[in-house]
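Descriptive structure summary
For reference, the chains in residue letters:
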Amino acid sequence: MAANMYRVGDYVYFENSSSNPYLIRRIEELNKTATGNVEAKVVCFYRRRDISNTLIMLADKHAKEIEEESETTVEPDLTDKQKHQLKHRELFLSRQYESLPATHIRGKCSVALLNETESVLSYLDKEDTFFYSLVYDPSVKTLLADKGEIRVGPRYQADIPEMLSEGESDEREQSKLEVKVWDPNSPLTDRQIDQFLVVARAVGTFARALDCSSSVRQPSLHMSAAAASRDITLFHAMDTLYRHSYDLSSAISVLVPLGGPVLCRDEMEEWSASEATLFEEALEKYGKDFNDIRQDFLPWKSLTSIIEYYYMWKTTDRYVQQKRLKAAEAESKLKQVYIPTYSKPNPNQISTSNGKPGTVNGAVGTTFQPQNPLLGRACESCYATQSHQWYSWGPPNMQCRLCATCWLYWKKYGGLKMPTQSEEEKLSPSPPTEDPRVRSHMSRQATQGMPVRNTGSPKSAVKTRQAFFLHTTYFTKFARQVCKNTLRLRQAARRPFVPINYAAIRAEYADRHAENSGSPLKSKSTRKPLACIIGYLEIHPSKKPSVIRSTPTLQTPTTKRMLTTPNHTTLSILGKRNYSHHNGLGELTCCVSD
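Along each chain, numbering runs from 1 in the same order as the chain's sequence is written. Note on the predicted model: pLDDT of at least 70 is required for a residue's local features to be given, and 80 or more for side-chain atom pairs to be given and counted; whole-chain, interface and lining totals, by contrast, use all residues. Side-chain metrics in this entry use all non-hydrogen atoms of the structure; hydrogen atoms and water are not considered.

**Observations concerning the overall build of the chain**
- Starting at the N terminus, helices and strands are each numbered in turn, a helix being any DSSP run of H or I of at least four residues and a strand any DSSP run of E of at least two. Within the chain one finds 21 helices and 14 strands.
- Out of the 594 residues belonging to the chain, those deemed buried represent 31%.
- Should any heavy atoms of two residues lie within 4.5 Å, those residues are considered in contact. Of the contacts formed within the chain by residues at least 6 apart in sequence, a portion of 65% connects residues at least 24 apart.
- For accessible areas, the Shrake-Rupley method is used with a probe of radius 1.4 Å. Any residue's cover is judged against the shown protein chains and nothing else. Of the accessible surface of the chain, which amounts to about 38800 Å², a share of 55% is contributed by carbon and sulfur atoms. Classification of residues uses two cut-offs on accessible area relative to the type maximum, computed with a 1.4 Å probe and protein chains only: under 20% is buried, over 50% is exposed, and between them is partly exposed.

In C-alpha cells:
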C-alpha cells in the first residue's frame, strides 16, 4: 500500500512510451482536474542520452575537474562495467515544469545532489538511485553548476594569516580590509544613544513628508514613520555618531543641515510598484535563484540590490499575505495519490506462441543460425540465451531483443547493462589504424542509445539500416596493390556496371611476378619480350602478318598456328583501348611455328 502511495516531493518514474526508458521527475503538485483525473506538476530531470554530445563532453570535463580537486577521498579504480553503469545514474536537473497524468507513474526512485565526500560506488550499490551535479537548460542548451552544491573541502576554507608580533608592520593592502564603524566603548550611555536614534527617526519621517516621491509612496503618517524606522535610518544615525566622536550636538546638526533634513531611503523605497510585481513573479518561477531573476526579469538591477530587496520584502505585510494564500491553496490541493501497480502487458513483449522465436534477433537474411533455433539469439545486453520473457528492442529492422532483467534495467536507467564494443573502445585506447570516421559514428550511436550488434552474430557490425557485407578474395586485395596501373579503381567506380578486364590484370601480374622472381609463371599465353618484337620488325619492315580467317573443318591441315595477343575489344577498365594498345604493341601479332 505504501509503495503505491505517491506524495509531493517524491522522485518517480513516468512512462511516456512503451519502448523508451522511463522519465525521471519530482512531484511538485498534485491537482485534480474537472474530469476527476489527477495530474502531477513535476520538475524535469534529463539523462545523458537526452542531451547533445557537446554537452556530454562538457559534463565529463566537469566531473574530471571535481575528481582532480577532491583531496579528501581516494576513488577506487573502477572497471569498465562500473564506469558504464555509473553514466546511467547521472542526471541533469532543469528548471522546466510540466504536467503529466498521475496514472503514468511506474514507481519511486531517489535523486540526490552529488556528494563529493562519498564514493561513487555508493550510487551503484543502491537500486533506483541517481545523482546530479549540473543544471540543464533545454531552451538554450546549456549546462551550469548547481547553485545549491555543498561546499565541503579545504578549497572552500578561509586562509587565516599568522598573528603579527609586536613592532611588525602589516604588509596587507589596507583598502581591502574592514573599516571600523562603531566603538562599543563610547562615552555615551545606552539611554543617550536610544534618544539620538529616536531623533533620527523623527527627522526621517519629516524628510519623507517634504519629499514628493516619498509622500506618494507613503501617503499616511503611519507608513512614513514605518519607513523611517527601518535599518537604513538607524545605520545612518549610528555612523553619524561614530564619525563625530559621539558628540550629540555635532551629530544632530549633521542630521538637519541648512538645506533640510537628511532623507535615507533603502531598496524598498527605491523600487517602483511595477518592479516589485516583476520580482514577485520571478520569485514564484525561480525561487531564490537571484542570478536567474536578475537575468530574465530585472537586468537593470544589481545582484546586491535584488538580494537586499528580498530580505526587506520578507518583513512586509505583502509577504505575510502571500504566505497565507499559498498555505490556503496547499490545504485545498492533494497531498498524496494512490496509483495501483501497472499490470498491462507491454507491446514490446515477444510472444513465444507464434512459433517464430528464432527470427526475433539478428539481421534479415543472415546465414548464422544458433544451435537451437527455438531459443533465438542471445540478449543484446547480458548475452543470456534463456529468459522467461523477451522484449523487442531497437529499430524494427534490426530485430534485437532483451531479456526480462535487462529490459527492466533499460527502462529504469536508459542503457544496456553491459558496455557495447564502441563504448569499450572509448574507455580503452583505440589502435591508431582505426578510421576516426567509423569510430565517431559508432560513438554517436552508443551515446544516443542506438543498438550496436555485438552479440550472437559471427560478424559484429554497426547497422543503422539494412546493410550488406562485401567479401573479397585475397587475389583481389593483392591485385589492388600490384596492378594499380591497369586496375584503375577510380575509373572503375565511375562505371560500376562495366566488367573489369581480369585477363589483363592477370597478365600484368604474371609479368611483374616474372620480373621480380626471375622464374616466370606458367600460363597458356605469355607476352613476347620487347627485343624479340624489335628484331622481328627489323627483318620484316614492310610486311604485315597475315591472319588466316577460314572456317575450320576436319580436313584443314594444322601445320602452323597463329599465336595472337588477346584482343580485348570490349569496354573495360582501360576504356576504348585494348590491352595491346595500352602496352604499345598496336595490332602486332607474332607467328610462331609449331
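What follows continues from the structure just given.
**Here we look at the confidence of the model for the chain**
- For the chain, per-residue confidence averages 75 on the pLDDT scale, and residues scoring 70 or more make up 71% of the total.
- Averaged over each element, pLDDT in the chain is lowest for strand β14 (residues 590-592) (40) and highest for strand β2 (residues 11-14) (96).
- Values of pLDDT, which run from 0 to 100, indicate the predictor's confidence residue by residue. When the criterion is pLDDT under 50, residues 451-465 qualifies, and its contacts beyond four places in sequence or with other chains add up to 43 contacts.
- Note that pLDDT drops below 50 for residues 556-594; the model gives that stretch 55 contacts with residues more than four away or on any other chain.

**Observations regarding the packing of helix α4 (residues 190-210) against helix α7 (residues 231-243)**
- Where α4 contacts α7, the two axes come as close as 9 Å, and the packing angle between them is 125 degrees. In terms of orientation, α4 lies oblique with respect to α7. The handedness of the crossing between α4 and α7 is right-handed. Listed contacts from α7 to Phe196, Leu197, Ala200, Arg201 and Arg208 of α4 are Thr233, Leu234, Ala237, Met238 and Leu241.
- Charged residues are taken to be Asp, Glu, Lys and Arg, nonpolar residues to be Ala, Val, Leu, Ile, Met, Phe, Trp, Tyr, Cys and Pro, and polar residues to be all remaining types, Gly included. Of the residues in the contact of α4 with α7, the class split is seven nonpolar, one polar and two charged. Note on geometry: axes are lines fitted to C-alpha atoms, helical ones only across the stretch in contact, with angles between N-to-C directions running from 0 to 180 degrees. In this scheme, roughly parallel covers angles under 35 degrees and roughly antiparallel covers those over 145, while 65 to 115 is roughly perpendicular and the rest are oblique. Here a crossing is taken to be left-handed if its near helix is turned anticlockwise relative to the far helix by less than a right angle, and right-handed if that turn runs clockwise.

**Quick word on unusual backbone geometry**
- The backbone of Asp128 sits at a positive phi, close to 55 degrees, despite the residue not being glycine.
- With respect to the secondary-structure elements, Asp128 resides in the loop between α3 (121-124) and β7 (129-137).
- Within the chain, Lys141 stands out as a residue other than glycine whose phi angle is a positive 55 degrees.
- On the secondary structure map, Lys141 appears in the loop between β7 and β8 (142-145).

**Observations regarding the sheet that holds strand β11 (residues 390-393)**
- Here, strands pair whenever DSSP counts at least two bridges between them. Strands sit in the order β10-β11-β12 across an open sheet of three strands; the sheet is antiparallel. The open sheet has two edge strands, β10 (349-350) and β12 (400-403), and neither has a second partner.
- Sheet analysis places β10 next to β11, joined by two bridges and oriented antiparallel. Along β11, the bridge assignment pairs Ile350 with Trp390.
- Strand contacts of helix α14 (residues 404-413): β11 and β12, with the helix running at about 100 degrees to β12, the strand carrying the most contacts.

**Focus: the environment of Ser229**
- In this fold, Ser229 is placed in the loop between α6 (221-228) and α7.
- The class for Ser229 is partly exposed, based on a relative accessible area of 36%.
- Sequence separation between Ser229 and Val198 is 31 residues, and the spatial gap between their C-alpha atoms is 8.9 Å.

**Points about the pairing of β2**
- Taking every second residue as pointing to the same face, both faces of β2 are buried, with Tyr11 and Tyr13 on one and Val12 and Phe14 on the other.
- Relative to strand β3 (residues 23-32), β2 runs antiparallel, the two being bridged by four bridges. Counted as the bridge partner of Phe14 is Leu23 from β3.
- Pairing analysis gives four bridges linking β2 to strand β6 (residues 105-113), with the strands arranged antiparallel. Counterpart to Phe14 in the pairing with β6 is Ile105.

**Remarks on α7**
- A rise of 1.5 Å per residue sets the reference length of α7, with its 13 residues, at 18 Å; its end C-alpha atoms lie 18 Å apart and thus fit the reference within 8%.
- Inspection of α7 places Thr233, Leu234, Ala237, Thr240 and Leu241 among the buried residues, and these make up the whole buried set. What you see down the axis of α7 is that its buried residues fit within an arc of 125 degrees, all on one side.
- Two residues or fewer past α7, Ser245 is found with a positive phi of approximately 55 degrees. Here, expected helix span is obtained from the residue count minus one, scaled by 1.5 Å. Note: the arc covers the axis-to-C-beta directions of the helix.

**Some thoughts on the packing of α4 against helix α8 (residues 248-255)**
- Where α4 meets α8, the axes come as close as 11 Å, and the angle between the chain directions of the two elements is 15 degrees. With respect to α8, the axis of α4 lies roughly parallel. Here α4 and α8 pass one another in a crossing that is right-handed. Touching Gln192, Phe196, Ala200 and Val203 of α4 are Leu248, Ala251, Ile252 and Leu255, all from α8.

**Details of the environment of Asp10**
- Mapped onto the fold, Asp10 is located in the loop between β1 (5-7) and β2.
- On a C-alpha basis, the gap between Asp10 and Cys109 in space is 8.0 Å, while along the polypeptide they are 99 residues apart.
- The contacts of Asp10, once residues within four sequence positions are left out, are Met5, Arg25, Arg26, Ile27 and Lys108.
- In protein, a polar contact means a hydrogen-donor-capable atom and an acceptor-capable atom, both N or O and within 3.5 Å, with residues adjacent in sequence counting only if both atoms are side-chain atoms; elsewhere, any N or O pair within 3.5 Å suffices. Reaching out from Asp10, the side chain makes a polar contact with the backbone nitrogen of Arg7 at a distance of 2.8 Å.

**Quick notes on the pairing of β11**
- Summarising the sheet, β11 and β12 pair through four bridges and their orientation is antiparallel. Note on β12: the bridge partner recorded for Ser392 is Arg401.
- Connecting β11 to the antiparallel partner β12 that follows it, the hairpin turn spans six residues, and Gly394 within it adopts a positive phi of roughly 90 degrees.

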